[in-house]
Amino acid sequence: MKKVFGLIFVVLFIIAIVAIYKLFFVKDVKTVLELTEEEKFYLEDVRIFGNHMNISGCADNILDGDSSLVLKNDDDEIQVDSKFTNSGKTCFYLSDKNNEGINLDELKTGKYLLLVKNTVDEEESFYTIENTTDYKTLEYYTITKDNKNNKIDFKSDIDEKLNKNYIEFDIKETKLPNDVDVYDITIDPGHGGYDPGSTYTLDGKTYNEADLTLKVSLEVKKELEKLGLKVKLTREDDTGLYYYGDGGRADIPNDVKSKFSISIHLNSDYGTMSYGGVEVYTPNDIDYDLAKLFANNIGSIVGYSKKATDRIDNGIYFQYFNERDIESSKEEALEKGNKPYDIKVGAPYMYMIREVGGAQTYAYVDGRNEDVGINKYYNAIQVAEPYLIEIAYINYENDLKKILNNTDEFGSAIANSMKEYLKIS
Ligand SMILES: [Zn+2]
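Just so it is clear, the structure is predicted and the values come from calculations on it, not from any experiment.

With that out of the way, let us pick up the overall build of the protein. Regarding its fold elements, the protein presents nine helices and 22 strands. Across its three principal axes, the protein shows a C-alpha extent of roughly 85 × 65 × 40 Å. Residue burial in the protein is summarised as follows: out of 425 residues, 41% are buried. Contacts spanning at least 24 positions in sequence make up 70% of the contacts within the protein whose residues lie at least 6 apart.

Rendered as structure tokens:
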């Protein structure tokens, strides 16, 4: 008998604990949903670039008063930095820069509704947003910190009883098992195998770019892993990679859901320009905070390149297709019997930036030329934020000696940039 009472007591105790936990700790969105006005907002665009989500949408009319975007549940109301416009109808957007918007790594766990908060004469009302984009669900794993990740489920649903469409952020802590192919950063050692890249002979020994980019990339990986980040290399030895498709160099960063992709290269010129130093190549339409950290930290080892073409700032470059580039690319394709691609003016020139960045960087390798293959992510809206760093010039002896003798400094420079950008303590 005693044993039975003991068991009943244990069961009741567990039920009580669960009830208390639910009452005090489970943040719900259902009661918030009941309090919202009849929906009139529509989500028209959603993208994830690196660790930021960008969204925009409109109402079907003009709303009076002040509007803002919030993530809301029973306990919390988080302001989303947003801009509202009122021409013809009320619309909202977050940023015209690809790597700005909601910093997904900074959201706390919990369930939240994405709502428009409207204030007229100090009277607050909330509106749900109907997701009219093609992307009803998205999944994001946050950057690894203290061996933990949060998984963010972006969901679009309808409450049949209330007849309300809504967008929910469901954020849970997860311990990513090591065998899951989700990484924080992809490091791509340029060239390899059939493609040695540029070469230079110093003191009778010939060095090639493929070997040196691997040497540097291994240092970068080691330093990033010291910060607790999960790092994927596109190659770990002197293998030649194809560009597109499964295992293709441009597909790997997105195959492993990495948030950042950094291609490591060494530059080379005719030796008469006296360029030397670092060149950080970036995607289009971004905030340059991370690029600046790369340029400054690597620049403190080898200096900024003196090359002026395509330069945005010290050590920061954006190389893009202009009309003439597009015309010559078309001619070249036709000569080879290929179908010319639809290239947008302003698309990043380097494929490890343009194709990795998907729709947001105007990727175009859509499979129309079978021998080239298809970039699975050419029209993807959730992609890694891509950079290509020409860390120094192989044919400047000062630069080459630094790469040979101070390889670890390049690893620290890149790792410290990520550390500062991602606020890793
Ligand atoms: Zn190269």
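Read across the sheet, seven strands follow the order β16-β13-β17-β22-β18-β20-β19 without closing on themselves; strand pairing throughout is mixed. Looking at strand neighbours, the two that pair on one side only are β16 (231–233) and β19 (311–313), the edges of this open sheet. For strand β13 (residues 185–189) and β16, the ladder comprises three bridges, and the chain directions are parallel. Following the sheet pairing, Thr186 is matched in β16 by Lys232. Along the sheet face, helix α5 (residues 289–302) touches β18 (279–281), β19, β20 (316–317) and β22 (385–393) and points at about 15 degrees away from the line of β22.

This paragraph deals with the environment of Asn86. As for its placement among the helices and strands, Asn86 is situated in strand β5 (residues 83–87). On the basis of neighbour counts, which here come to 12 C-beta atoms within 10 Å, the residue Asn86 falls in the exposed class. Spatially, the C-alpha atom of Asn86 lies 66 Å from that of Lys205, the residues being 119 residues apart in sequence.

It is worth spelling out the packing of helix α3 (residues 209–226) against helix α9 (residues 407–421) at this point. For the pair α3 and α9, the least separation of the axes is 8 Å and the interaxial angle reads 45 degrees. Comparing the axis directions of α3 and α9 gives the class oblique. Judged by the sense of rotation from one axis to the other, the crossing of α3 with α9 is right-handed. Contacts between α3 and α9 involve Lys215, Val216, Glu219, Val220, Lys222, Glu223 and Leu224 from the first element and Thr407, Asp408, Phe410, Gly411, Ser412, Ile414, Ala415 and Met418 from the second.

Unusually for a residue other than glycine, Asp146 sits at a positive phi of about 50 degrees. In this model, Lys423 sits at a positive phi of 55 degrees, which is unusual for a non-glycine residue. Considering the arrangement of structural elements, one finds Lys423 in the segment after α9.

This brings us to the pairing of strand β9 (residues 123–131). Here strand β1 (residues 37–49) pairs with β9 via four bridges, running parallel. Bridge pairing in β9 places Tyr42 opposite Glu130. Bridge count between strand β8 (residues 110–120) and β9: six bridges; the pairing is antiparallel. Across the sheet, the residue bridging to Val120 is Glu123, located in β9. Connecting β8 to the antiparallel partner β9 that follows it, the hairpin turn spans two residues, and Asp121 within it adopts a positive phi of roughly 50 degrees.

Moving on, we get to the domain arrangement of the protein. Structurally, the protein comprises domain 1 (29–174) and domain 2 (185–421). Summarising the inter-unit geometry, the C-alpha centres of domain 1 and domain 2 are found 34 Å apart. Of all elements in the fold, only β1 and β10 (138–141) reach the threshold of two or more residues within the side of domain 1 that touches domain 2. Of all the elements, β1 adds the most residues to the side of domain 1 that touches domain 2, at four residues. A breakdown of the residues in the side of domain 1 that touches domain 2 according to their chemical character gives seven nonpolar, six polar and six charged.

Time to look at the environment of Met352. Note that Met352 resides in helix α7 (residues 351–354). Excluding anything up to four places from it in sequence, Met352 contacts Asp188, Ala250, Ser263, Pro386 and Leu388.

Looking at the element boundaries, Ile78 is found in strand β4 (residues 77–80). For the pair Ile78 and Asn338, spaced 260 residues apart in the sequence, the C-alpha separation amounts to 51 Å.

Orientation of α5 relative to α9, taken along the N-to-C sense of each, is 150 degrees, at an axis distance of 9 Å. Taken as axis vectors, α5 and α9 run roughly antiparallel relative to one another. Two packed elements cross with a definite hand, and for α5 against α9 that hand is right-handed. Taking contact as the criterion, the partners of Asp289, Leu290, Leu293, Phe294, Asn297, Ile298 and Ile301 in α5 are, on α9, Glu409, Phe410, Ala413, Ile414, Asn416, Ser417, Glu420 and Tyr421. Grouping the constituent residues of the contact of α5 with α9 by class yields nine nonpolar, three polar and three charged.

The element strand β17 (residues 260–267) is extensively covered by neighbouring structure, given that eight of its eight residues are classed as buried. Side-chain alternation along β17 places Phe260, Ile262, Ile264 and Leu266 on one buried face and Ser261, Ser263, His265 and Asn267 on a second face that is also buried. Pairing geometry for β17 and β22, over seven bridges, is parallel. Bridge pairing in β22 places Phe260 opposite Glu385.

Core analysis: the largest hydrophobic core is formed by 96 residues, its most contacted members being Val280 and Ile389. When residues of this core are assigned to domains, at least three map to each of domain 1 (29–174) and domain 2 (185–421). When residues no more than four places from it in sequence are discounted, the contact partners of Val280 are Ala291, Phe294, Ala295, Gly315, Ile316, Tyr317, Tyr387 and Ile389.

So, how was this worked out
Throughout this document, residue positions are counted from 1 along each chain, in the order its sequence is written. The predicted origin of the model limits local features to residues at a pLDDT of at least 70 and limits the giving and counting of side-chain atom pairs to 80 or more, whereas totals for whole chains, interfaces and linings rest on all residues. Numbering of helices and strands starts at the N terminus; helices are DSSP runs of H or I of at least 4 residues and strands are runs of E of at least 2. Any residue surrounded by 20 or more other C-beta atoms within 10 Å of its C-beta is treated as buried, while 12 or fewer makes it exposed and the intermediate range makes it partly exposed; C-beta atoms here are placed from the backbone. Two residues qualify as a contact pair if the distance between their C-beta atoms, derived from the backbone, is within 7 Å. Note on pairing: two strands pair once DSSP finds at least 2 bridges between them. Structural elements are reduced to axes, namely lines fitted to C-alpha atoms, with helices fitted over the stretch in contact, and the angle between N-to-C directions of any two is expressed from 0 to 180 degrees. The cut-offs work like this: below 35 degrees is roughly parallel, past 145 is roughly antiparallel, 65 to 115 is roughly perpendicular, and the gaps in between are oblique. By the definition used in this description, the sense in which the near helix is turned from the far one sets the handedness, with an anticlockwise turn below a right angle giving left-handed and a clockwise turn giving right-handed. Segment limits for the domains were obtained from an automatic or database-derived domain assignment. Note on residue classes: Ala, Val, Leu, Ile, Met, Phe, Trp, Tyr, Cys and Pro are nonpolar, Asp, Glu, Lys and Arg are charged, and everything else, Gly too, is polar. Note on terminology: a nonpolar core is any set of buried Ala, Val, Leu, Ile, Met, Phe, Trp, Tyr and Cys residues joined through C-beta atoms within 7 Å.

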